[in-house]
Amino acid sequence: MIKTWLIAYRIHNTYRVNSIIYGLKQIPIIKKFLPASLYKHLGLKTFANILSALWEFINIFLGKIVYFIFFYVLPIFLIERNDLLSFLTIFVFLSFIGSFINNDFFEVSKDKYYGIILMRMNAREYVVSQFLYTIIRHFIGNMVVLYWISFMFTFPLWLCLVLTLLVCGMKIIVGMYCSYAYLHSHRVYTGNNIPKPLTILLTICFFAAYACVFFQIYLPVFSVVILSVMMTLLGMIGLVYIFKFPAYQMMCKDMLGDMDALLLEASMSQIQEESYHQMIDQSKITQSHKKGFEMMNELFMKRHHKIIWRFAKRQTYILLVVVISLIIGVQVVPSLKENIKDFLILSLPYFVFIMYMLNTTKNITNAMFINCDHCMLNYAFFHEPKNLLKLFQIRLREMIKINLIPALVIAIGYVILLNLLGIHQIGYSLMSFISIISMSIFFSTHYLVLYYLLQPYNAYTEVKNPMYQLITSLTYFICFLFMNMRLPFYLFSFSVVAFCFLYCVIACYLVYKKGPQTFKIRS
């Protein structure tokens, strides 16, 4: 089994190393100095291997640090329940949720397809070795991050081990359950096709985690320890079952059968494309009285209404619940009022990251390419500067409208909370509102500009522009840094509004000048 894991790791690492080299060859200035024979250059491949290993190491901890900050530290300090019992209560609920939605036992990936289907590796050894490696990564990552968290909530080192075993045990038990369910239903359960009743249960658990802390309904330490012992023992039984599970080969064929298209370069994006096509509303194809690009845009928006508005509507409903809960909370709980007041005064830079996370333009541009631009880019008139700018402006208007709905909920809720907390300055409320709206407009513009200037997709709708991936990653990193900034309110708000305006103007100019050369299908 160790030999199987090493082969699987080499496959994964080779794929990653070649991606790094390919990315270097796509950088405008550097690519001129890199020959086509670069892939067999030993020195550079060694360097890429080092980068790959470093990223694997960082990835163990980085995601967990961000996860603990956003789902534990910030909520607990916001509602002033910064104690061990609050942390443990949230931890148990979220660990239960994560055992289903973040479980790699039935992960569908190219690596698994290459190894099991193409190279005919032993399916049981491959799946089990990869799953055990994932459990070990979770164990190490949780132990290190929980040790860091223990200084905030003052709990002993042995509790870090107890909580880590709880997480690993739950993941193994879910893996066992999914294996057992497959034998009886021949259905493979992954994080993307969880049954609807279970999805509802997990959603309830998510809100219950914070509601329990808010209303001071805690899980005692001894109950968490007992639960951890139970999950550990059941996990050990689950490991035995997973090792003896008899249907790995059949399960992998069912799970990876749709990936035969990889041999024809169709890849997983074809599955996404088919799902997009299934969501198109065919009844609204001819219902438009506009002309030109306005008609084209209106037809697209009507046909893809489910794809485009689905996430915005969900975000709006969730944000409404959060805003209404906070409004009620500050009226009912006096101690919460002062905590939220202090947070709101300093929190405007936080909304840079929040608006980044809520923006859906990146997903919508993917749908645009699959169901519209993928074909239209073959026509010469589509590349003409005036036509390109016209359609860009129409699409930007629509992106702003879509993303404004959740942004308005946040902005209006923010202003209402300011007034309820005794901050009645008109200038403060007005600039807060305009700043949040400007952030939403900026991210709508930003992702649409990247789509036009760095069009990332090839003919098979795969992302093939590493510069696009690099800039989107840098965007995330910069937005995250804003959470630690403490800037004067009016300086920050005026800067946000001015920057948004300038960015929109420059974006239109760049699309007009550079779009005809850059907006094309990647090879």
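Residues numbered from 1 in each chain as written. Predicted model: local features only at pLDDT ≥ 70, side-chain atom pairs only at ≥ 80, totals over all residues. Heavy atoms only, no water.

### Remarks on the overall build of the chain
Turning to step 1, where the next piece is worked out: Helices and strands together make up the secondary structure of the chain, namely 19 helices and zero strands.
Turning to step 2, where the next piece is worked out: Here the chain holds 523 residues, and 48% of them are scored as buried.
Turning to step 3, where the next piece is worked out: By sequence separation, contacts in the chain at least 24 residues apart represent 81% of the contacts at least 6 residues apart.
Turning to step 4, where the next piece is worked out: Total accessible area computed for the chain in this model is approximately 26600 Å², and 70% of it derives from carbon and sulfur atoms. (Helix = DSSP H or I, 4+ residues; strand = E, 2+ residues; numbered from the N terminus. Buried < 20%, exposed > 50% of the residue type's maximum accessible area, 1.4 Å probe, protein only. Contact = heavy atoms within 4.5 Å. Areas by Shrake-Rupley, 256 points an atom, 1.4 Å probe, with all protein chains shown as cover.)

### Notes on the nonpolar core
Turning to step 1, where the next piece is worked out: Of all hydrophobic cores here, the largest spans 76 residues; its most connected members are Phe392 and Tyr452.
Turning to step 2, where the next piece is worked out: If near-sequence neighbours (up to four positions away) are discounted, Phe392 is found in contact with Leu448, Val449, Tyr452, Ala507, Cys508 and Val511. (Core = buried A, V, L, I, M, F, W, Y, C linked by side-chain atoms within 4.5 Å.)

### Quick notes on the packing of helix H16 (residues 385-420) against helix H19 (residues 489-518)
Turning to step 1, where the next piece is worked out: Interhelical geometry of H16 versus H19 gives an angle of 140° and a closest axis separation of 8 Å. Considering their axes alone, H16 and H19 lie oblique with respect to each other. For the crossing formed where H16 meets H19, the hand is right-handed. Across the interface between the two elements, Pro385, Lys386, Leu388, Leu389, Phe392 and Gln393 of H16 pack against Ala507, Cys508, Val511, Tyr512, Gly515 and Pro516 of H19. (Axes fitted to C-alpha atoms, helices over the stretch in contact; angles between N-to-C directions. Parallel < 35°, antiparallel > 145°, perpendicular 65-115°, else oblique. Left-handed = near helix turned anticlockwise from the far one by under 90°.)

### Section: the pattern of salt bridges
Turning to step 1, where the next piece is worked out: Taken as a whole and judged by the stated rule, the model has two salt bridges.
Turning to step 2, where the next piece is worked out: Notably, a salt bridge pairs Glu398 with Arg397, separated by 3.1 Å at the nearest N-O pair.
Turning to step 3, where the next piece is worked out: The class for Glu398 is buried, based on a relative accessible area of 8%.
Turning to step 4, where the next piece is worked out: Sharing partners across several salt bridges, the network here consists of Arg397, Glu398 and Lys401. (Salt bridge = Lys/Arg side-chain N within 4 Å of Asp/Glu carboxyl O.)

### Focus: the packing of aromatic side chains
Turning to step 1, where the next piece is worked out: All told, the structure shown has 42 aromatic pairs when counted by the stated rule.
Turning to step 2, where the next piece is worked out: Here the aromatic rings of Phe206 and Phe207 are separated by 5.6 Å at their centres, their planes lie at 85°, and the arrangement is edge-to-face.
Turning to step 3, where the next piece is worked out: Phe206 sits in the partly exposed class, given a relative accessible area of 29%.
Turning to step 4, where the next piece is worked out: Site record: aromatic cluster; members linked through ring pairs are Tyr67, Phe68, Phe71, Tyr72, Phe87, Phe91, Phe153, Phe155, Phe206, Phe207 and Tyr210. (Phe/Tyr/Trp six-rings, centres within 6.5 Å; stacked < 30°, edge-to-face > 60°.)

### Considerations on the environment of Glu56
Turning to step 1, where the next piece is worked out: With respect to the helices and strands, Glu56 occurs in helix H2 (residues 42-78).
Turning to step 2, where the next piece is worked out: A relative accessible area of 10% means that Glu56 is categorised as buried.
Turning to step 3, where the next piece is worked out: On a C-alpha basis, the gap between Glu56 and Arg137 in space is 9.9 Å, while along the polypeptide they are 81 residues apart.
Turning to step 4, where the next piece is worked out: Every residue in contact with Glu56, bar those within four places of it in the chain, is listed here: Arg16, Tyr133 and Arg137.

### A look at the packing of helix H6 (residues 157-185) against helix H8 (residues 221-244)
Turning to step 1, where the next piece is worked out: The N-to-C vectors of H6 and H8 enclose an angle of 40°; their axes lie 7 Å apart at closest approach. Between H6 and H8, the crossing angle belongs to the class labelled oblique. The way H6 lies across H8 gives a crossing that is left-handed.
Turning to step 2, where the next piece is worked out: Class assignment for the residues of the contact of H6 with H8 results in 20 nonpolar, seven polar and no charged. (Nonpolar A, V, L, I, M, F, W, Y, C, P; charged D, E, K, R; others polar.)

### Re the confidence of the model for the chain
Turning to step 1, where the next piece is worked out: For the chain, mean pLDDT is 81; residues scoring 70 or higher make up 85% of the total.
Turning to step 2, where the next piece is worked out: Looking over the chain, one finds the lowest element-wise mean pLDDT in helix H10 (residues 269-278), namely 49, and the highest in H8, namely 94.
Turning to step 3, where the next piece is worked out: Ignoring residues within four places in sequence, the model shows residues 261-269, a span with pLDDT below 50, making 20 contacts including any to other chains. (pLDDT = per-residue confidence, 0-100.)

### Overview of H19
Turning to step 1, where the next piece is worked out: At Tyr512, H19 shows its strongest bend, of approximately 45°, with the proline Pro516 following within four residues.
Turning to step 2, where the next piece is worked out: Among the residues making up H19, those that are buried are Phe489, Phe492, Ser493, Val496, Cys500, Tyr503, Cys504, Ala507, Cys508, Val511, Gly515 and Pro516.
Turning to step 3, where the next piece is worked out: Here the buried face of H19 lies against helix H14 (350-358), H16 and helix H17 (426-453). (Bend = angle between axes of the 7 residues up to and from the residue.)

### Here we look at a nonpolar patch on the surface
Turning to step 1, where the next piece is worked out: Among the surface-exposed residues, Phe47, Leu51, Leu54, Trp55, Phe57, Ile58 and Leu62 lie close enough to one another that they form a single nonpolar patch of about 660 Å² accessible area.
Turning to step 2, where the next piece is worked out: Examined against the element boundaries, Ile58 turns out to sit in helix H2. (Patch = residues over 30% accessible without salt bridge, like charges linked within 9 Å, V, L, I, M, F, W, Y side chains within 5 Å.)

### Observations concerning helix H3 (residues 84-101)
Turning to step 1, where the next piece is worked out: The end-to-end C-alpha distance of H3, which contains 18 residues, comes to 25 Å, matching closely the 26 Å that a straight helix rising 1.5 Å per residue would cover.
Turning to step 2, where the next piece is worked out: Across the 18 residues of H3, 14 count as buried, placing the element largely inside the fold.
Turning to step 3, where the next piece is worked out: Two or three places before Leu85, at the opening of H3, Asp83 has a side-chain oxygen 3.2 Å from that residue's backbone nitrogen. (Expected span 1.5 Å × (residues − 1). Polar contact = N/O pair within 3.5 Å; in protein donor to acceptor, adjacent residues only side chain to side chain.)

### Some remarks on the environment of Val145
Turning to step 1, where the next piece is worked out: In this fold, Val145 is placed in helix H5 (residues 123-153).
Turning to step 2, where the next piece is worked out: Given a relative accessible area of 2%, Val145 falls into the buried group.
Turning to step 3, where the next piece is worked out: Sequence separation between Val145 and Lys64 is 81 residues; the distance between their C-alpha atoms is 7.1 Å.
Turning to step 4, where the next piece is worked out: Here Val145 is in contact with Phe61, Lys64, Ile65 and Phe68, once residues within four sequence places are set aside.

### Structural notes on the environment of Leu146
Turning to step 1, where the next piece is worked out: Structurally, Leu146 can be placed in helix H5.
Turning to step 2, where the next piece is worked out: The class of Leu146 is buried, set by a relative accessible area of 0%.
Turning to step 3, where the next piece is worked out: Measuring from C-alpha to C-alpha, the distance between Leu146 and Ile65 comes to 9.3 Å, with 81 residues separating the pair along the chain.
Turning to step 4, where the next piece is worked out: Setting aside anything within four residues of it in sequence, one finds Leu146 in contact with Phe68, Phe87, Phe91, Phe155, Cys160, Leu163 and Thr164.

### Examining the state of the cysteines
Turning to step 1, where the next piece is worked out: Scanning all chains against the criterion turns up zero disulfides.
Turning to step 2, where the next piece is worked out: Not part of a disulfide, Cys504 finds its nearest cysteine sulfur in Cys500, a span of 4.3 Å.
Turning to step 3, where the next piece is worked out: Cys504 gets classed as buried once you look at its relative accessible area, which sits at 16%. (Disulfide = S-S within 2.5 Å.)

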